[in-house]
Amino acid sequence: MGPIVTPIVVLSSVGAGLAIILVLAEKYLASYGECRIKVKGEKEIVVEGGGTLQASLTDNGVFVPSACGGKGTCGTCKVQIFNKGAGEPLATEIPYLSKEDLENGFRLSCLVKVKNDLEVSVPKIHEFRTIVTKIEDLTHDIKSIIFELQDGETIDFKPGQYVMMRMPGTEEEPVMRAYSIASKPSDNHVVELLIRLVPGGLMTTYVFTELKVGDEVYLSGPYGEFYLRDSDKDIICVGGGSGVAPIKSIITHLFEKDTDRKVTYYFGARAVKDLYFYKECLELKEKYPNFRFITALSDLDEGDQWDGDTGFIHLVIDKYLEDGEDMESYMCGPPPMIDAAIDMLVEKDMDEDDIYFDKF
Ligand SMILES: Cc1cc2nc3c(=O)[nH]c(=O)nc-3n(C[C@H](O)[C@H](O)[C@H](O)COP(=O)(O)OP(=O)(O)OC[C@H]3O[C@@H](n4cnc5c(N)ncnc54)[C@H](O)[C@@H]3O)c2cc1C
Ligand code: FES
């Protein structure tokens, strides 16, 4: 090792060591004592400081929704904090908070640590009572479920948003998961969800093995900042798997309104057996000259008859998209697919502010 490298290595090690000590000290030594949380319109609770605001509320019977299990990546757990006890918003919260949210003291409760007394308001979530009216197998691992809203209610949402579904029979300790709405806003008396089986997953195993037509299910929402913007820019949609759900809502809404925006849908799937919402897209393509539909399969099964594009969807975008300037994009799918597609669109001069996505 050379004479300059050695001190650098020593300094880096000391820095890393100090950082670890600080984190451990915060975790094990910091004591904030008892903190009072006044929940506006509900109750006052006393908690041991140091935990997250979300966990402190939930442990004391004040329900705060979560679509990411408290990882700070969904934005569902927003609460309003009225006093200064929570400090300034963290950089990791900012992407999920609008200008109005920040002005009005909204924070992501899963990222706020309780260190002082707090005065908070938890947004009331509206739960829709629904009855399952149709369950259909779309592929080997994706089902479409139609939920009909009861009690004369209708749902007002923007295409792209999602609802939280509560597993029947879990009223005491709700098991809830997020699902994008696949139906279009004009069909406001029903909600269609497209649910992909996650092997070993709690909710999806329930949906695939127990849920049946006639069951009563509670949905809350709508939630989410991923929704179709009211602009006149041309659009690129990217999605496959269960990520088709919000894209289906966006595309069917746009063409129901006879949009004159140019819409290109890049549909990425593994093999022929994973294709669905495919025939509908081919029909739209026939009917509307401003709809372009490009499908690419990345991992064909033996015997698949396929003469379309193959490979990863970001490479197919590279092949067909000349210039992304003045366009906007709506993308939904697994994180690696979305990350690669974002990089490609930015490379094609699309403004990052015009790229909207949900990763799951
Ligand atoms: C905003 C948003 C919208 C969503 N929309 C949809 C949708 O339209 N359709 C849909 O099917 N899902 C959607 N999801 C995912 C959904 O919320 C659940 O995470 C998923 O259904 C698994 O729930 P589970 O209870 O079966 O699995 P869990 O019991 O929560 O998880 C079981 C195991 O699987 C892993 N896991 C969890 N989710 C996934 C996943 N998606 N892929 C691979 N492994 C996973 C977990 O890490 C865990 O190890 C969405 C998620 C978000 C945040
Ligand atoms: S629970 Fe998802 S951001 Fe807080």
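Since we're looking at a predicted model, the values are computed, not measured.

## A few points about the overall build of the protein
Part 1 of the reasoning: In terms of helices and strands, the protein carries 8 helices and 17 strands.
Part 2 of the reasoning: Its C-alpha atoms put the protein at 70 × 65 × 40 Å along the principal axes.
Part 3 of the reasoning: The 360 residues of the protein split such that 46% are buried.
Part 4 of the reasoning: Of the contacts made within the protein by residues no fewer than 6 positions apart, 67% connect residues no fewer than 24 positions apart.
Part 5 of the reasoning: Element-wise, carbon and sulfur atoms account for 52% of the exposed surface of the protein, whose accessible area totals about 18,900 Å².
Part 6 of the reasoning: Considering the protein, the positive charge centre built from 37 side chains and the negative charge centre built from 61 side chains are found 3 Å apart.

## Description of the pairing of strand E6 (residues 127-137)
Part 1 of the reasoning: Strand direction decides the pairing type here: E6 and strand E11 (residues 216-223), joined by 5 bridges, are antiparallel. Within E11, the position partnered with Phe-128 by the bridge is Leu-219.

## Brief notes about the sheet that holds strand E12 (residues 234-239)
Part 1 of the reasoning: The strand order across the open sheet built from 6 strands is E15-E14-E13-E12-E16-E17, with neighbouring strands paired in parallel fashion. Each edge of the open sheet is held by one strand with a lone partner, namely strand E15 (309-310) and strand E17 (355-359).
Part 2 of the reasoning: As paired strands, strand E16 (residues 327-333) and E17 are joined by 5 bridges and run parallel to one another. Each bridged residue has a counterpart across the sheet, and for Met-331 the counterpart in E17 is Phe-357.
Part 3 of the reasoning: Seen against the sheet, helix H6 (residues 278-287) touches strand E13 (263-269) and strand E14 (291-297) and runs at an angle of roughly 145 degrees to E14.
Part 4 of the reasoning: Helix-sheet contacts for helix H7 (residues 313-320) involve E12, E13, E14 and E15, and the interaxial angle to E13 is about 145 degrees.

## What to know about the sheet that holds strand E10 (residues 190-196)
Part 1 of the reasoning: The 6 strands are arranged E9-E8-E11-E6-E7-E10 in an open sheet whose pairing can be described as antiparallel. Every interior strand has two partners, whereas the edge strands, strand E9 (176-180) and E10, have only one. Shown here is a sheet whose adjacent strand axes are inclined to one another by a mean of 40 degrees, direction ignored.

## Looking at the pattern of salt bridges
Two side chains bearing opposite charge may form a pair once their charged atoms approach each other closely.
Part 1 of the reasoning: Going through the model one piece at a time under the given rule, you end up with 22 salt bridges.
Part 2 of the reasoning: One salt bridge in this structure joins Arg-129 and Glu-216, with 2.8 Å as the shortest N-O distance. Residue Arg-129 is found in strand E6, and its partner Glu-216 is found in strand E11; the two are separated by 87 residues along the sequence.
Part 3 of the reasoning: Judged by its relative accessible area of 24%, Arg-129 is partly exposed.
Part 4 of the reasoning: On the basis of relative accessible area, Glu-216 is assigned to the partly exposed category, the value being 38%.
Part 5 of the reasoning: Between Asp-339 and Lys-359 there is a salt bridge, with the nearest N and O atoms lying 2.7 Å from each other. You can see Asp-339 sitting in helix H8 (residues 335-347) and its partner Lys-359 sitting in strand E17, a full 20 residues away along the chain.

## So, the domain arrangement of the protein
Part 1 of the reasoning: According to the domain assignment, the protein consists of domain 1 (34-121), domain 2 (127-223) and domain 3 (234-359).
Part 2 of the reasoning: With centres defined by C-alpha atoms, the gap from domain 1 to domain 3 works out at 36 Å.

## Overview of the site of ligand 1
Part 1 of the reasoning: The local shell around ligand 1 holds 18 residues, among which Arg-177, Ala-178, Tyr-179, Met-203 and Thr-204 are the closest.
Part 2 of the reasoning: Separating an oxygen atom of ligand 1 from a side-chain N or O atom of Tyr-179 is a distance of 2.7 Å.
Part 3 of the reasoning: Side-chain polar atom of Thr-204 to an oxygen atom of ligand 1: 2.7 Å apart, as the coordinates give it.
Part 4 of the reasoning: For ligand 1, whose accessible area on its own is 900 Å², the fraction buried by protein is 68%.
Part 5 of the reasoning: Mapped by element, the contributors of at least two residues to the shell around ligand 1 are E9, E10 and helix H4 (202-209).
Part 6 of the reasoning: Of the residues forming the shell around ligand 1, the biggest block, 4 residues, is contributed by E9.
Part 7 of the reasoning: Both domains that meet at the shell around ligand 1, namely domain 2 (127-223) and domain 3 (234-359), each give it at least three residues.

## Describing a negative patch on the surface
Part 1 of the reasoning: On the surface, a cluster of negative charge is contributed by Glu-322, Asp-323, Glu-325, Asp-326 and Asp-349.
Part 2 of the reasoning: In this structure, Asp-323 sits in the loop between H7 and E16.

## What about unusual backbone geometry?
Part 1 of the reasoning: Cis geometry is adopted by the peptide bond preceding Pro-222, which originates at Gly-221 and carries an omega value of 0 degrees.
Part 2 of the reasoning: Assignment of secondary structure puts Pro-222 in strand E11.
Part 3 of the reasoning: In the Ramachandran plot, Asp-258 falls in the positive-phi region, its phi being about 50 degrees despite a non-glycine side chain.
Part 4 of the reasoning: Here Asp-258 is to be found in the loop between helix H5 (244-256) and E13.
Part 5 of the reasoning: You will see that Asp-349, though not glycine, has its phi angle at about 75 degrees, which is positive.

## A few points about the packing of aromatic side chains
Part 1 of the reasoning: Scanning all chains against the criterion turns up 12 aromatic pairs.
Part 2 of the reasoning: Pairwise contacts between aromatic rings join Phe-255, Tyr-265, Phe-267, Phe-277, Tyr-278, Tyr-288, Phe-291, Phe-293 and Trp-306 into one cluster.
Part 3 of the reasoning: It is Arg-229 that lies over the ring of Tyr-227; its NZ or CZ is 3.9 Å from the centre.

What counts and what doesn't
- Residues numbered from 1 in each chain as written.
- Chains lettered and ligands numbered in written order.
- Predicted model: local features only at pLDDT ≥ 70, side-chain atom pairs only at ≥ 80, totals over all residues.
- Heavy atoms only, no water.
- Helix = DSSP H or I, 4+ residues; strand = E, 2+ residues; numbered from the N terminus.
- Buried < 20%, exposed > 50% of the residue type's maximum accessible area, 1.4 Å probe, protein only.
- Contact = heavy atoms within 4.5 Å.
- Areas by Shrake-Rupley, 256 points an atom, 1.4 Å probe, with all protein chains shown as cover.
- Lys, Arg positive; Asp, Glu negative; His and termini not counted.
- Charge placed at Lys NZ, Arg CZ, Asp CG, Glu CD.
- Pairing = 2+ DSSP bridges.
- Axes fitted to C-alpha atoms, helices over the stretch in contact; angles between N-to-C directions.
- Salt bridge = Lys/Arg side-chain N within 4 Å of Asp/Glu carboxyl O.
- Domains from an automatic or database assignment.
- Near = heavy atom within 4 Å.
- Polar contact = N/O pair within 3.5 Å; in protein donor to acceptor, adjacent residues only side chain to side chain.
- Patch = residues over 30% accessible without salt bridge, like charges linked within 9 Å, V, L, I, M, F, W, Y side chains within 5 Å.
- Phe/Tyr/Trp six-rings, centres within 6.5 Å; stacked < 30°, edge-to-face > 60°.
- Lys NZ or Arg CZ within 6 Å of the ring centre and 35° of its normal.

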